[in-house]
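Listed below are the residues making up each chain.
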Amino acid sequence: MENNRNINWGLACFAALFVWGCGGEHFHDDQGQSGDEGHEEETHASHFVEGKGVRLTEHGREVVGLDTVPVRPAEGMLQKSLSVTVYRHANEAGDPHEDIREGYAYASRILPADQLDSLELGTSVEGRFNDQVFRGGVVGVDRQLEALTGEVEVMVAWEDPEHVLNIGNSLTAIWQTARRADQQEWVEVPSGAILETARGSFAYASNGSYFFRTPVRIADRSADRVLLSDGLYEGDVVASAGVQNLYLIELEVINGGKGCAHAH
């Protein structure tokens, strides 16, 4: 069965039953007549139609926690991050022959060369450790293993006058990089708009009165936004909150048969 980020199924099913209910809510067509797609009466707060998506009443939107945003063009610098490990204390003596400065803690990370991206000698890098921020940059890129293993080692140095960082500490290295020419057509959505499943990444795009699960291609991401290279266009409207509940409504019909979510 398709999974979605370790959903707590007991809690999810309870929420789904509360959303779908078993009576008391009605859909109406544009002429004010009760019904949808040939059904005489719809009695639930949600309804799924294959090929169209999930439709919700106003009450259903509230319970699902649905919120929407327009898809925007990707703007500004991209924020990248990488976990690195400290291998040299700031209180060790400097070595001018190896360009090692006293008062700086040194950290490194071995990674595939194709993931090196914009990290190069001199790139400014911020280090975060236990809510503390350290300023520094890339001081070395070792490519000795690249031909053999396809990997490179990146070395970063941060000013640490209080000697906070110890050997073995893991920091999050964060830096900014500009978009390349081939990234100009990318669009962005909030992180909450993306549904990750075993079959890929999706967003629920507005399709008239329905929300349709649309496959997307993730090009890049940060803590609060996701950049897409395919699947959505600027101006599309997507669900930015409540996407897991929309997915559960869909799964109830697809995997569970009629169930409580089926339109009468």
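In what follows, the structure referred to is the one given above.
Since we're looking at a predicted model, the values are computed, not measured.

1. Some details on the overall build of the protein chain
Part 1: Helix and strand counts for the protein chain stand at four helices and 17 strands.
Part 2: Burial status across the protein chain gives 41% buried among its 264 residues.
Part 3: The contacts in the protein chain between residues at least 6 apart in sequence include a share of 65% that link residues at least 24 apart.
Part 4: When the accessible surface of the protein chain is summed, it comes to about 14600 Å², and 47% of that surface belongs to carbon and sulfur atoms.

2. Here's the deal with the pattern of salt bridges
Part 1: All told, the structure shown has seven salt bridges when counted by the stated rule.
Part 2: A salt bridge links Arg135 to Glu126; its shortest N-O distance comes to 2.5 Å.
Part 3: Overall, the relative accessible area of 55% leaves Arg135 in the exposed class.
Part 4: Salt bridges linked by common partners bring Arg72, Glu188 and Arg225 together as one network.

3. A word on the sheet that holds strand β5 (residues 78–88)
Part 1: Overall, antiparallel pairing links the six strands, which are arranged β5-β6-β9-β8-β7-β10 in a closed barrel. Between one strand and the next, the sheet's axes are offset by a mean angle of 40°, whatever the strand orientation.
Part 2: Sheet topology note: the strand β6 (residues 104–112)/strand β9 (residues 151–159) ladder contains nine bridges and is antiparallel. Across the sheet, the residue bridging to Ala107 is Val156, located in β9.

4. Some thoughts on the packing of aromatic side chains
Part 1: Here the structure, examined in full by the defined rule, presents one aromatic pair.
Part 2: The aromatic ring of Tyr104 is capped on one face by Arg101, whose charged end is 4.3 Å from the ring centroid.
Part 3: The ring of Phe202 has Arg213 lying over it, and the distance from NZ or CZ to the ring centre is 4.6 Å.

5. A word on unusual backbone geometry
Part 1: In this model, Asn130 sits at a positive phi of 50°, which is unusual for a non-glycine residue.
Part 2: Positionally, Asn130 belongs in the loop between β7 (124–129) and β8 (132–142).
Part 3: Positioned with a positive phi, Asp131 is a non-glycine residue whose angle comes to about 70°.
Part 4: Mapped onto the elements, Asp131 comes out in the loop between β7 and β8.
Part 5: With relative accessibility at 84%, the residue Asp131 sits in the exposed group.

6. Structural notes on the nonpolar core
Part 1: Val84, Leu119, Val125, Val154, Trp158, Leu165 and Leu171 are the most contacted members of the largest nonpolar core, which totals 21 residues.
Part 2: The greatest single-element share of this core, amounting to four residues, is contributed by β9.
Part 3: Core analysis: the next-biggest nonpolar cluster, separate from the first, contains 15 residues, Leu56, Phe211, Ala239 and Val243 among them.

7. Remarks on the pairing of β5
Part 1: Summarising the sheet, β5 and strand β10 (residues 170–177) pair through eight bridges and their orientation is antiparallel. Pairing of Thr85 across the sheet is with Ser170, part of β10.
Part 2: Where β5 lies against β6, three bridges are found, and the strand directions are antiparallel. What sits directly across from Val86, in β6, is Ala107.

Criteria and thresholds
Residues numbered from 1 in each chain as written. Predicted model: local features only at pLDDT ≥ 70, side-chain atom pairs only at ≥ 80, totals over all residues. Heavy atoms only, no water. Helix = DSSP H or I, 4+ residues; strand = E, 2+ residues; numbered from the N terminus. Buried < 20%, exposed > 50% of the residue type's maximum accessible area, 1.4 Å probe, protein only. Contact = heavy atoms within 4.5 Å. Areas by Shrake-Rupley, 256 points an atom, 1.4 Å probe, with all protein chains shown as cover. Salt bridge = Lys/Arg side-chain N within 4 Å of Asp/Glu carboxyl O. Pairing = 2+ DSSP bridges. Axes fitted to C-alpha atoms, helices over the stretch in contact; angles between N-to-C directions. Phe/Tyr/Trp six-rings, centres within 6.5 Å; stacked < 30°, edge-to-face > 60°. Lys NZ or Arg CZ within 6 Å of the ring centre and 35° of its normal. Core = buried A, V, L, I, M, F, W, Y, C linked by side-chain atoms within 4.5 Å.

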